[in-house]
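Tertiary structure, described
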Amino acid sequence: MSRCFSLTGTTNWCFRSTFKRSGLRSRITDLEDGTVMHCWVPKTRKDSKPDLLLIHGLGANALWQWGDVVRHFARYFNVYVPDLVFFGESHTTRPERTESFQAQCLKRLMEAHSVQKFSLVGLSYGGFVGYSMAAQFMEAVERVVICCSGVCMEEKDLTEGVFAVSDLEEAGKILVPRSPGKLRELVAYAFFRPPPLGLIPSCFLSDFIDVMCGEYVEEKRDLIRAIPKDRKLSNIPKLTQPTLIIWGEHDRVFPLELGHRLKRHLGDNAHLTVVKNTGHAFNVEKPKEFIKLLKSFLIDLKPSPGGPVSIRSKLQDALTEGDSNN
């Protein structure tokens, strides 16, 4: 029986075209410790613009999760969109599987591209990595956006009924699916109003799995296993940077309570916004609202007490330059 047309491959091609039209190019960086990182970087980095790092989650690679976002921010920022280790073209021979290790790899990647200061947006698992970056490298990270990421979860939450799926092995099979049935389960958990995957032929779902989830399966599941290990709220550092927390109202992967917990943990330094009538994948269910929230936080030229003056001045320069070119 012949293989179905690769809709996933075609979509990858379309996203790659979007990234290129947004002024980005694909680059591989060897960190020379057994780790190789892939990242979409500006074709021409402009010192007049601030820098922005977009960190994807477990569901796919950087192309799929940021494909509809980069074009909105390339005018204002030098945008960097990496594949995390074991996603896309990034990989390592090292044994580390923690978000702390992922954060260190991204910091070295940014340094390799001569980026010293930047803001970041972390989506789901990418939020764990982004939070770790902001905590480890406070002088480098200026503003932080954490999206539906259970950073403040504790290991005990797995046994106390906080999660819809409390067994880590089962969670790994759903979050890194290897069958159409598990992919359907993932979509059901991720969306408030799931698309009708029951009407989509299994061969199309298998195509997505083969292209997006076929490599480094156990390594990705190890990343999931590492998240709650010995995790306690008292050990989670508090960020000093301005932080925006965005959450889907009906998130079944990381329940909204974890968003409120993170807000309480960070105090007045953070703001929590709940996107109504959405689930974990609120960025897909309400993309316009997601873009609006990011712009209002990252592209705000109004002075604020203790705010990052360098970002505001660079954004003003970028806007002025953009207007003069129109």
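Preceding this section is the structure that the text describes.
Below or above, wherever it landed, is the structure these notes cover. (Residues numbered from 1 in each chain as written. Predicted model: local features only at pLDDT ≥ 70, side-chain atom pairs only at ≥ 80, totals over all residues. Heavy atoms only, no water.)

Leu53, Leu106 and Phe118 are the most contacted members of the largest nonpolar core, which has 68 residues in total. Setting aside anything within four residues of it in sequence, one finds Phe118 in contact with Asp51, Leu53, Lys107, Met110, Met133, Ala140, Val141, Glu142 and Arg143. Formed by 32 residues, the second largest nonpolar core is a distinct cluster that contains Cys147, Leu244, Phe297 and Ile299. (Core = buried A, V, L, I, M, F, W, Y, C linked by side-chain atoms within 4.5 Å. Buried < 20%, exposed > 50% of the residue type's maximum accessible area, 1.4 Å probe, protein only. Contact = heavy atoms within 4.5 Å.)

Scanning the entire structure with this criterion turns up 17 salt bridges. One salt bridge in this structure joins Glu99 and Arg231, with 2.8 Å as the shortest N-O distance. In this pair, Glu99 sits in helix α4 (residues 99-112) while Arg231 sits in the loop between α9 (217-226) and β8 (243-248), placing the two residues 132 residues apart along the sequence. Given a relative accessible area of 11%, Glu99 falls into the buried group. Residues Lys182 and Glu185 are paired through a salt bridge, measuring 3.2 Å at the closest nitrogen-oxygen approach. Here Lys182 pairs with Glu185, and both are found in helix α7 (residues 180-190), just three residues apart, close to one helical turn. Assessed through its relative accessible area of 29%, Glu185 is described here as partly exposed. Bridged by salt links that share partners, the residues Arg97, Glu169, Glu218, Arg221, Asp222 and Arg225 form one connected network. (Salt bridge = Lys/Arg side-chain N within 4 Å of Asp/Glu carboxyl O. Helix = DSSP H or I, 4+ residues; strand = E, 2+ residues; numbered from the N terminus.)

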